[in-house]
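# Results of the structural survey
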Amino acid sequence: MQHNKVLILDFGSQYTQLIARRVRELNIYSEIYPYNKIPDQLESYNAVILSGSPVSVRSDEALHPDLSNIRGKKPILAVCYGAQYLAHFSGGEVSESNTREYGRANLAYIKEEEDFFENIHKGSQVWMSHSDTIKQLPEGGVLLASTEDVENAAFKIENEQTYAIQFHPEVYHSTDGHQLLHNFLIKIARVNQDWTPQSFVEETVDDLKAKLGNDKVVLGLSGGVDSSVAAMLLHKAIGKNLYCIFVNNGLLRKNEFEDVLHQYEGMGLNVKGVDASARFLDALAGKSEPEEKRKIIGRVFIEVFDDEAHSIQDVKWLAQGTIYPDVIESVSATGGPSATIKSHHNVGGLPDFMKLKVVEPLKSLFKDEVRRVGASMNMDSQLLGRHPFPGPGLAIRILGDLTREKVRILQEVDAIFINNLKSWNLYDKVWQAGAMLLPVNSVGVMGDERTYEKCVALRAVESTDGMTADWVNLPYEFLQKTSNEIINRVKGVNRVVYDISSKPPATIEWE
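Because the structure is a prediction, the values reported are computed rather than measured.

## Overview of the environment of Glu-31
Of note, Glu-31 is situated in strand β2 (residues 29-34). Assessed through its relative accessible area of 18%, Glu-31 is described here as buried. The sequence separation of Glu-31 and Gln-432 amounts to 401 residues, and the corresponding C-alpha distance is 27 Å.

## Examining the layout of surface pockets
There is about 710 Å³ of room inside the second largest pocket. If you go around the second largest pocket, you meet 23 residues; those closest to its centre are Asp-259, Arg-386, Ile-418, Lys-422 and Tyr-427. Looking at the lining of the second largest pocket, the elements with two or more residues in it are α6 (256-263), α11 (381-384) and α12 (404-423). If you tally residues by element for the lining of the second largest pocket, the top one is α12, at five residues. Classifying every residue of the lining of the second largest pocket by side-chain character gives seven nonpolar, seven polar and nine charged.

## Let's talk about unusual backbone geometry
Note: most residues except glycine have negative phi, and most peptide bonds are trans. With an omega of -15°, the peptide bond running from Lys-503 to Pro-504 counts as cis. With respect to the helices and strands, the residue Pro-504 is situated in the segment after β18 (493-498). Backbone torsion omega between Pro-504 and Pro-505 reads 10°, so that peptide bond is classified as cis. Along the chain, Pro-505 turns up in the segment after β18. Positive phi, close to 65°, is recorded for Asn-119, a residue that is not glycine. Of note, Asn-119 is situated in the loop between β5 (93-110) and β6 (125-136). Residue Asn-159 is not a glycine yet carries a positive backbone phi of 65°. Along the chain, the position of Asn-159 falls in the loop between β8 (154-157) and β9 (162-165).

How each quantity is defined
All chains use their own residue numbering, which begins from 1 and follows the written sequence. Given that the model is predicted, a residue must reach a pLDDT of at least 70 before its local features are reported, and side-chain atom pairs must reach 80 or more before they are shown or counted; all residues, however, enter totals for whole chains, interfaces and linings. Excluding hydrogens and water, the side-chain values take into account all heavy atoms of the structure. Each helix is a run of DSSP H or I of at least 4 residues and each strand a run of E of at least 2, with the numbering of both proceeding from the N terminus. In this scheme, a residue with accessible area under 20% of its type's maximum is buried, one over 50% is exposed, and one in between is partly exposed, where area comes from a 1.4 Å probe on protein chains only. Here a cavity denotes grid points, spaced 1 Å and computed from the protein atoms alone, that fit a 1.4 Å probe unable to get out, and a pocket denotes an open set having protein on both sides within 12 Å along at least 5 of 7 lines; residues with an atom within 4 Å of a point are the lining. Grid points are joined across faces, edges and corners, and a volume is the space filled by probe spheres set on the points. Note that Gly is not counted as nonpolar here; it falls among the polar residues with everything else outside the nonpolar set of Ala, Val, Leu, Ile, Met, Phe, Trp, Tyr, Cys and Pro and the charged set of Asp, Glu, Lys and Arg.

Spelled out as structure tokens, the structure:
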């Protein structure tokens, strides 16, 4: 990409990916690298942001970036750990705070006539998340802002375009965080706002043309936003050389196999439906451990694709709709100090026996960015508005072992829930919804008879990218009607509960 870029150095903060999203919302392209793997070609970056970290700068495990080619040469915004690092190792002082500085705070002092705080006023709410605090500014440090509890909440370094803050502008709770990033990147660093969905499409299509040439590509369609947008990008690049395959793994929603195939009619894509449900369900029989189920689905998925690829002469590439949250939850996307949360079925490479190379045109995008890219290509709004659905399907919504009967029960429950969301005009107000079949039976009574049947949990969340999510406060009348319909119409279920957990600490899926 030839346009302006921002380099984000990751020190392991849970918020690093949010920094990237906020920068991109300003139509500025950003890339994340680990603090100890700084790119050699720094001239291609117009500004640098240092992230927060769970590590203390005062500890033996303090993370030490080599900033010799950045300090004084590039505009720098140091956030939380980054700010404390600049203070602690440049003549200032960082010490343990008397009380952990976490949560909402308000700016009690702002240095006037500073471009950094343009259109931000005293009293603005910010979000703190640290247990150390800066007691003394570094050499050349100039105080820019304070809160009631944190004197050195923001500072700059004289004779450098280096700015530092102890709060997190990237999180929702910092009400003027967007403005502050705008001030730093556009007013101070003078980065051009030239990264848009349209530019992403143009650059990605050009890149795909150069990478794939006249090669044939096989792509797994799921009916969801990610694979559909990936297909349209590839179709623009290679046309008839793209072969799309939609696999029925037996773990789809009710009637989804037929509905998805119908959905793609008229899009100009070459789509083939493959019913491999028996193959997946047989492989999953008796398996209950979540990671094992995910890996089995990934393995069988690859095997099915290998079989189908052999039926197409000279296929060289396997395309996937992998997006950024898939990657960063499976492995550290940057090689930095972050933990694996769960494995994703389409992340982690291909087995040796499969000779196809992988192409993933969306792996640097968040979900909301994928939707904007699809809209820029005039894709159907109903397809782009479809809720995310996990690649492993209902396998990770059926806790414990899988049987065909459990799949049937959950398909029926899920259909009632989703259809009711649509009929009550709630579907588009929810980012993702689904039902979970729990591995417990509970006592109930129906028609004066005792029952001992399954419990299902309904889940509906609001989010923008899947990295964080809050549960949706659905109307009681809706939940009452949906619960009654499920219990009355789905044989084998006598209890319905509603999940009111947010991510974090929970994940959106239960497995």
